[in-house]
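Secondary and tertiary structure notes
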Amino acid sequence: MAEPLIELKDIYKIYQLGGEEVRASDGVTLTICRGEFVAIVGKSGSGKSTLMNIIGALDVPSSGSYYLGGEDVGNMGDHQLAKVRNKMIGFIFQQYNLLPKLNLLENVELPLLYSGIGTEERKEKAMESLRRVGLEEKWRNLPNQLSGGQQQRVSIARALAGSPSLILADEPTGALDSKTSRDVLDFLKQLNKEGNTIVIITHDSTIAMEAERVVRVHDGKINFDGDVNEYSAIL
Ligand SMILES: Nc1ncnc2c1ncn2[C@@H]1O[C@H](COP(=O)(O)OP(=O)(O)OP(=O)(O)O)[C@@H](O)[C@H]1O
Ligand SMILES: [Mg+2]
């Protein structure tokens with residue numbers, strides 16, 4: 001039996017906007033197991049980022065429960081959330097979010113620095129991670145000396161460095177051309193084959209087709225959750 005990693009139950013995220021109630025998450029129940037590769041899709045404003053923020057321990061729900069790796073994350077304060085993020089989640093963003101004045105190795109080292117790992121081990125792990133994305137020879141380079149696809153690979157290396165339980169990617173190919181997107185997606189697939197749990201958030205159905213399972217949100221609710229083949233049949 002697969003072991004649940006993400007367990008969302010009856011999640012609501014409600015904003016009050018000038019007397020109006022916005023239900024950004026409107027009763028979401030979702031379980032994702034270790035080793036899965038899931039795409040969360042939906043139109044603009046459907047509630048993808050809201051879910052991503054909750055899954056990524058960047059925000060807490062208004063109500064409902066969230067367990068990540070068996071830990072009750074739904075009621076944590078900011079300090080505890082930061083710890084969970086650092087320990088359990090590798091983030092990949094559309095705009096890479098690399099620090100321009102740090103070289104590639106230093107960028108990849110950052111999350112390890114925050115988790116208090118010593119200098120030697122940090123450098124070793126960061127270099128190993130750069131090796132996995134094929135950029136170890138460029139470790140001294142600055143981010144702006146790389147192509148977009150290479151920068152995204154560095155951000156993947158950074159996400160992997162701390163061996164997180166979950167890799168959470170928000171529009172990871174949003175800033176890339178189609179060939180480079182392909183490479184990045186293939187790389188994520190490879191990481192999944194090696195046992196990593198991957199959740200991608202995207203508005204792009206063709207990207208979602210690369211996952212094994214698709215979850216579609218609409219008006220804050222899940223209106224499709226199933227195998228990618230089922231999903232392609234309804235498109
Ligand atoms: N801080 C906020 N205050 C009020 N309403 C919000 C807030 N954040 C999000 N919303 C609303 O919640 C709904 C869901 O927003 P969300 O950002 O999750 O959508 P999304 O699916 O990520 O969209 P996009 O594809 O455009 O990024 C939208 O109607 C949005 O306007
Ligand atoms: Mg969004």
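A brief look at the structure comes next.

About the criteria used
Residues numbered from 1 in each chain as written. Chains lettered and ligands numbered in written order. Predicted model: local features only at pLDDT ≥ 70, side-chain atom pairs only at ≥ 80, totals over all residues. Heavy atoms only, no water. Phe/Tyr/Trp six-rings, centres within 6.5 Å; stacked < 30°, edge-to-face > 60°. Buried < 20%, exposed > 50% of the residue type's maximum accessible area, 1.4 Å probe, protein only. Near = heavy atom within 4 Å. Polar contact = N/O pair within 3.5 Å; in protein donor to acceptor, adjacent residues only side chain to side chain. Areas by Shrake-Rupley, 256 points an atom, 1.4 Å probe, with all protein chains shown as cover. Helix = DSSP H or I, 4+ residues; strand = E, 2+ residues; numbered from the N terminus. Salt bridge = Lys/Arg side-chain N within 4 Å of Asp/Glu carboxyl O. Expected span 1.5 Å × (residues − 1). Arc of directions from axis to C-beta. Contact = heavy atoms within 4.5 Å.

1. Notes on the packing of aromatic side chains
Following the criterion strictly, the structure yields two aromatic pairs and no others. Judged by centre distance (5.7 Å) and plane angle (5°), the rings of F91 and F93 are stacked. Judged by its relative accessible area of 14%, F91 falls in the buried class. Looking at F93, the relative accessible area reads 25%, which means it is partly exposed.

2. Some details on the site of ligand 1
The environment of ligand 1 is made up of Y15, L17, V22, A24, K43, S44, G45, S46, G47, K48, S49 and T50. S49 has a polar side-chain atom sitting 2.8 Å from an oxygen atom of ligand 1. T50 is positioned such that a nitrogen or oxygen atom in its side chain is 2.6 Å from an oxygen atom of ligand 1. Alone, ligand 1 offers 640 Å² of accessible surface; in the complex the protein occludes 59% of this. Looking at the shell around ligand 1, the elements with two or more residues in it are β1 (4–17), β2 (20–33) and α1 (48–55). Broken down by element, the shell around ligand 1 gets its largest block of residues, three residues, from α1.

3. Considerations on the pattern of salt bridges
Summed over the entire model, instances satisfying the criterion amount to 17 salt bridges. The partner of E3 in a salt bridge is R34, and the shortest N-O contact between them spans 3.2 Å. Of the two residues, E3 sits in the segment before β1 while R34 sits in the loop between β2 and β3 (37–41), which places them 31 residues apart along the sequence. You can call E3 partly exposed: its relative accessible area is 46%. In this structure, E121 engages K125 in a salt bridge whose closest nitrogen and oxygen atoms are separated by 3.2 Å. One end of the pair is E121 and the other is K125, both in helix α4 (residues 119–132) and four residues apart, which spans about a single turn. The exposure class of K125 is partly exposed, given its relative accessible area of 32%. Among the charged side chains, a network of salt bridges with common partners joins E21, R23, D26 and K221.

4. Quick word on helix α6 (residues 178–193)
When the terminal C-alpha atoms of α6 are compared, their 22 Å separation across 16 residues agrees well with the 22 Å that a helix rising 1.5 Å per residue should span. Those residues of α6 that sit buried are T180, S181, V184, L185, F187, L188, L191 and N192. One side of α6 carries all its buried residues, which in axial view fall inside an arc of 155°. Exposed and facing more than 90 degrees away from the buried side of α6 are S178, K179 and K193. Sitting at the head of α6, D177 places a side-chain oxygen 3.1 Å from the backbone nitrogen of K179. Of the residues flanking the end of α6, it is G195, one or two places downstream, whose phi is positive at about 110°.

5. Considerations on α4
Here α4 contains 14 residues, and its C-alpha end-to-end distance of 20 Å stays within 8% of the 20 Å for a straight helix at 1.5 Å per residue. Taken residue by residue, α4 has R122, A126, M127, S129 and L130 as its buried positions. The arc that holds every buried residue of α4, seen down its axis, measures 160°, which confines them to one face. Opposite its buried face, α4 presents the exposed residues E120 and E124, each directed more than 90 degrees away. Contacts from the buried residues of α4 go to α3 (104–114) and α5 (148–161). Backbone geometry just downstream of α4 places G134 in the positive-phi region, at approximately 75°.

6. Quick word on the side chain of D26
Relative to the elements of secondary structure, D26 occurs in strand β2. Judged by relative accessible area, which is 12%, D26 ranks as buried. A distance of 2.8 Å separates the side chain of D26 from the side chain of R23, its partner in a polar contact. For D26, the side chain forms a polar contact with the side chain of K221, separated by 2.7 Å. With sequence-adjacent residues up to four places away left out, D26 is seen in contact with I11, Y12, D219, G220 and K221.

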